[in-house]
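One letter stands for each residue in the lines below.
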Amino acid sequence: MKPYKKQMLPIIIIMMLVGAITKLTVPLLIREAIDNAIVPKNTNLLLIIVGVMLGVYIIQWLANTFRIKYTNMIGQRVIYDLRHDLFSHIQKLSFRFFDTRPAGSVLVRVTNYVNSLQDLFTNGVVNLLIDVVQLVGIIIILLTFNFKLGAAIIVTVPIMFMISTKLRKKIRHAWQDVTMKQSRLNAHLNECIQGIRVTQAYSQEKENIQFFTKMNMVNRLSWNRASMLNQTFGPLIEITGAIGYCILFWMGAYLIQTEEISVGLLVAFATYIGYFWEPITRLGQMYSQLLIAMASAERIFEFIDEKPSVAELEDAKDLPNIKGNVKFENLVFEYEAGRPALKGFNLDVHAGQSIALVGHTGSGKSTIMNLLCRFYDPTEGRILIDGTDIRDVTIQSVRSQIGVVLQDTFIFSGTIRDNIRFGRLDATNEEIELAAKAVHAHDFIVGLPNGYDTEVQERGNVLSMGQRQLISFARALLANPRVLILDEATASIDTDTELKIQEALKTLLAGRTSFIVAHRLSTIRNADKIVVLDHGRMMEIGNHDELMKEQKIYYGLIQAQYKFLQDAV
Ligand SMILES: Nc1ncnc2c1ncn2[C@@H]1O[C@H](COP(=O)(O)OP(=O)(O)OP(=O)(O)O)[C@@H](O)[C@H]1O
């Protein structure tokens, strides 16, 4: 338990006990007032009792106010910590984890599920304790003041618990169903927002709305069912409560006649019964809240227990500063068992060499890059950087020395400056501008309304494709990695930007070991080695002229793409 929770907990417990005890005192004061002040017409005593009652209420109010304040503080901190731990954990999970889960379902765990735990932590747990203390207190008082009458009333308690136990199971299943349906709805919603451009481009809005409406309806029905079951709980408790009152007045009247109890005690007992059903009803409601929270907690811990599939060795050391020699040894990789995406890939790359990876779609180019970054571990074989197996060193030390420029350049919401700084967080403004100048991005950036401080939104829609690429080049240059992975964009852009990108590429690649999933003829031609892949195997290797002479796969690819590539150049 964290220190702040340790400090606050005793205060909360004391406040809770003060609140409960003061509440239980009130009926006893009522009894005093009726039996010793009202009936014998003792006004002075009545005034004193009313004064004491007022004092008791004030103490109760103060205790409750402080308790609620501190409980909320602790609750919020627990939730803050939980959300923080969950987010940090998700950041570390491997690609394999995200391959099998829609983004929305990940999202829902950090938001909705944590929120439902919030209710439990802020009020639930403490209310539960208060209710239990109150219940036990009332039972003790009832049995002490008149055992016969007390026992007759308490008989109704087991009936109540039997009813609630029967309902419990049903309610629990119903809430689990709600959580599951909600998670599906959220996942779908997230996907729709991410894919809104494609939806609109293909005029699929109507179909999407229909599908969403169906899911929404299923969600509503499931919620209705759970909430209906929940609502049956309250009335059932009330009926049992009414039975308790009947027993009290019927038996109470008899006991007054036989002078075993006073009128004041009967009124006090009636007040206690009022207090009695209240915590039981709340416990019932609390129970369903607890069930929702438990269902949520289960799903949260499922995540927290998830170990990254790419795990570090216990004693992994950092990879020292590298030169950039990279060796792939008999690499085999399967995303799904039995379907190899790479089937024994071997390649020895010297520091500073540039390698163009070409091949049909699905031939395994991105897979090689994913393995080099250790987003996945190979099924067989190994990758050596400067002679060290990348599985023997820390992941961070490998990734921090490899720069990655993806085809779908991701621009985060923030300023252009922040986006470039992402490459190296401690970079100065001057370094950022130097990097931007080196890749010919400076001119267009200063032309934007606020220059480097122009805000760009999620996915960078303010910027054109070419501009986004230049920003990502500047980002990579700033990071200054020894090994660079570049997934070249396929989209054709205007000639001016294209020339700038070519120039920028030269600057970016100079002196680094680079792996380029290449689409431009110019990039392929300039590469030291071209690796031709087909169905996860290396089929050819050599430079452009050598491979063209061979007139095999590469020759065929170039022939087929010649016109397209010529257009792009
Ligand atoms: N996350 C994944 N889960 C399962 N299979 C995958 C995954 N990613 C890729 N694959 C499969 O692995 C094979 C190689 O894919 P890879 O992405 O490496 O090809 P690529 O040559 O980069 O293709 P492209 O040029 O289209 O990007 C393909 O058959 C693909 O379907």
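Residues numbered from 1 in each chain as written. Predicted model: local features only at pLDDT ≥ 70, side-chain atom pairs only at ≥ 80, totals over all residues. Heavy atoms only, no water.

### Concerning the overall build of the chain
Okay, step 1: Along its length, the chain carries 19 helices and twelve strands.
Okay, step 2: With the principal axes as the frame, the chain shows a C-alpha extent of 120 × 50 × 50 Å.
Okay, step 3: The 569 residues of the chain split such that 44% are buried.
Okay, step 4: Of the contacts made within the chain by residues no fewer than 6 positions apart, 77% connect residues no fewer than 24 positions apart.
Okay, step 5: A total of about 29,800 Å² of accessible surface is found on the chain, and carbon and sulfur atoms cover 60% of it.
Okay, step 6: Where the 58 positive side-chain charges of the chain centre and where its 55 negative ones centre are 6 Å apart. (Helix = DSSP H or I, 4+ residues; strand = E, 2+ residues; numbered from the N terminus. Buried < 20%, exposed > 50% of the residue type's maximum accessible area, 1.4 Å probe, protein only. Contact = heavy atoms within 4.5 Å. Areas by Shrake-Rupley, 256 points an atom, 1.4 Å probe, with all protein chains shown as cover. Lys, Arg positive; Asp, Glu negative; His and termini not counted. Charge placed at Lys NZ, Arg CZ, Asp CG, Glu CD.)

### Let's talk about the site of the ligand
Okay, step 1: Surveying the vicinity of the ligand reveals 13 residues, the closest of which are Thr361, Gly362, Lys365, Ser366 and Thr367.
Okay, step 2: At 3.0 Å, a backbone N or O of glycine 364 approaches an oxygen atom of the ligand.
Okay, step 3: A distance of 2.4 Å is found between an oxygen atom of the ligand and a side-chain nitrogen or oxygen belonging to threonine 367.
Okay, step 4: With the chains in place, 65% of the 630 Å² that the ligand exposes on its own is no longer accessible.
Okay, step 5: Secondary-structure elements contributing two or more residues to the shell around the ligand are β1 (326–336) and α10 (365–372).
Okay, step 6: Sort the elements by how many residues they give to the shell around the ligand and α10 lands first, with three residues.
Okay, step 7: For the shell around the ligand, the class distribution of residues is three nonpolar, seven polar and three charged. (Near = heavy atom within 4 Å. Polar contact = N/O pair within 3.5 Å; in protein donor to acceptor, adjacent residues only side chain to side chain. Nonpolar A, V, L, I, M, F, W, Y, C, P; charged D, E, K, R; others polar.)

### Observations regarding the sheet that holds strand β9 (residues 483–487)
Okay, step 1: With mixed pairing, six strands are arranged side by side in an open sheet as β6-β9-β10-β3-β11-β12. Of all the strands in the sheet, just β6 (402–405) and β12 (537–542) have a single pairing partner and so form its edges. Taken pair by pair, the neighbouring strands of this sheet meet at an average axis angle of 20 degrees, ignoring direction.
Okay, step 2: Looking at chain direction, strand β3 (residues 354–359) and strand β10 (residues 513–517) are connected through four bridges and run parallel. Considered in β10, the bridge of leucine 357 is made with valine 517. (Pairing = 2+ DSSP bridges. Axes fitted to C-alpha atoms, helices over the stretch in contact; angles between N-to-C directions.)

### Topic: the nonpolar core
Okay, step 1: Counting residues in each nonpolar core, the largest one holds 44 residues, and the members touching the most others are Ile420, Ile445, Phe473 and Tyr554.
Okay, step 2: With seven residues, the top contributor of residues to this core is helix α15 (residues 465–479).
Okay, step 3: Aside from chain neighbours lying at most four places away, what touches isoleucine 420 is Ile432, Ala436, Ile445, Tyr452, Ile471, Ala474, Arg475 and Leu478.
Okay, step 4: In this structure, Ala37, Trp175, Leu255 and Trp277 belong to the second largest nonpolar core, which totals 42 residues. (Core = buried A, V, L, I, M, F, W, Y, C linked by side-chain atoms within 4.5 Å.)

### Points about the pairing of β12
Okay, step 1: Judged from the five bridges that link them, strand β11 (residues 529–534) and β12 form a sheet pairing that is antiparallel. Bridge assignment links leucine 533 to a residue of β12, and that residue is methionine 538.
Okay, step 2: Between β11 and β12, which pair antiparallel one after the other, the connecting turn spans two residues, and histidine 535 there sits at a positive phi close to 45 degrees.

### Concerning the environment of alanine 268
Okay, step 1: Its location among the elements puts alanine 268 in helix α9 (residues 263–305).
Okay, step 2: Apart from the residues within four sequence positions on either side, alanine 268 is in contact with Pro27 and Arg31.

### Observations regarding unusual backbone geometry
Okay, step 1: You will see that arginine 374, though not glycine, has its phi angle at about 60 degrees, which is positive.
Okay, step 2: Along the polypeptide, arginine 374 turns up in the loop between α10 and β4 (380–385).
Okay, step 3: On the basis of relative accessibility, which here comes to 1%, the residue arginine 374 falls in the buried class.

### Points about the sheet that holds β4
The pairing of strands in a sheet happens through backbone hydrogen bonds and is either parallel or antiparallel.
Okay, step 1: Overall, antiparallel pairing links the four strands, which are arranged β2-β1-β4-β5 in an open sheet. Two strands close off the open sheet at either side, each with one partner strand: β2 (339–349) and β5 (388–389).
Okay, step 2: Relative to the sheet, α10 contacts β1, β2 and β4, its axis offset from that of β1 by approximately 110 degrees.

### Observations regarding the packing of helix α13 (residues 429–438) against α15
Okay, step 1: Across the interface, α13 lies against α15 with an axial gap of 8 Å and an inter-helix angle of 125 degrees. One element, α13, and the other, α15, form an angle in the oblique class. Here α13 and α15 pass one another in a crossing that is right-handed. Together, Glu431, Ile432, Ala435, Ala436 and Ala438 of α13 and Ala474, Leu477 and Leu478 of α15 make up the contact between the two elements.
Okay, step 2: Tallied by class, residues from the contact of α13 with α15 come to seven nonpolar, no polar and one charged. (Parallel < 35°, antiparallel > 145°, perpendicular 65-115°, else oblique. Left-handed = near helix turned anticlockwise from the far one by under 90°.)

### Remarks on the pattern of salt bridges
Okay, step 1: Scanning all chains against the criterion turns up 13 salt bridges.
Okay, step 2: Bridged by salt links that share partners, the residues Lys327, Glu329 and Arg382 form one connected network. (Salt bridge = Lys/Arg side-chain N within 4 Å of Asp/Glu carboxyl O.)

### Description of helix α5 (residues 147–154)
Okay, step 1: Looking only at α5, the buried set comprises Leu149, Gly150, Ala152, Ile153 and Ile154.
Okay, step 2: Structurally, the start of α5 carries an N-cap: the backbone nitrogen of lysine 148 is 3.2 Å from a side-chain oxygen of asparagine 146.

### Observations concerning the packing of α15 against helix α16 (residues 495–509)
Okay, step 1: Packing of α15 against α16 brings their axes to within 10 Å, and their N-to-C directions diverge by 10 degrees. Here α15 lies roughly parallel to α16, going by the angle between them. Between α15 and α16, the residues in contact are Gly466, Gln469, Leu470, Phe473, Ala476 and Leu477 and Thr497, Lys500, Ile501, Ala504, Leu505, Thr507 and Leu508, respectively.
Okay, step 2: A breakdown of the residues in the contact of α15 with α16 according to their chemical character gives eight nonpolar, four polar and one charged.

### Digging into the side chain of serine 514
Okay, step 1: On the secondary structure map, serine 514 appears in strand β10.
Okay, step 2: Taking relative accessible area as the criterion, serine 514 reaches 0% and is therefore assigned buried.
Okay, step 3: With residues up to four places along the chain from it excluded, the contact list for serine 514 reads Gln353, Ser354, Ile355, Leu484 and Leu509.

### Quick notes on the confidence of the model for the chain
Okay, step 1: Across the chain, pLDDT averages 85, with 93% of residues at or above 70.
Okay, step 2: Looking at the elements of the chain, mean pLDDT is at its lowest for helix α19 (residues 553–568), recorded as 72, and at its highest for β4, recorded as 96. (pLDDT = per-residue confidence, 0-100.)

### Side note on the packing of aromatic side chains
Okay, step 1: Enumeration over the complete set of coordinates arrives at nine aromatic pairs.
Okay, step 2: Taking the centre distance of 5.7 Å and the plane angle of 90 degrees together, the rings of phenylalanine 328 and phenylalanine 515 count as edge-to-face. Linking phenylalanine 328 in strand β1 with phenylalanine 515 in strand β10, this pair joins segments that are 187 residues apart in sequence. By the burial criterion, phenylalanine 328 is buried, and phenylalanine 515 matches it.
Okay, step 3: Among the aromatic residues, those joined into a ring-pair cluster are Phe328, Phe345 and Phe515.
Okay, step 4: Across from the ring centre of tyrosine 275, 4.8 Å away, lies the NZ or CZ of lysine 23, which sits over that ring. (Phe/Tyr/Trp six-rings, centres within 6.5 Å; stacked < 30°, edge-to-face > 60°. Lys NZ or Arg CZ within 6 Å of the ring centre and 35° of its normal.)

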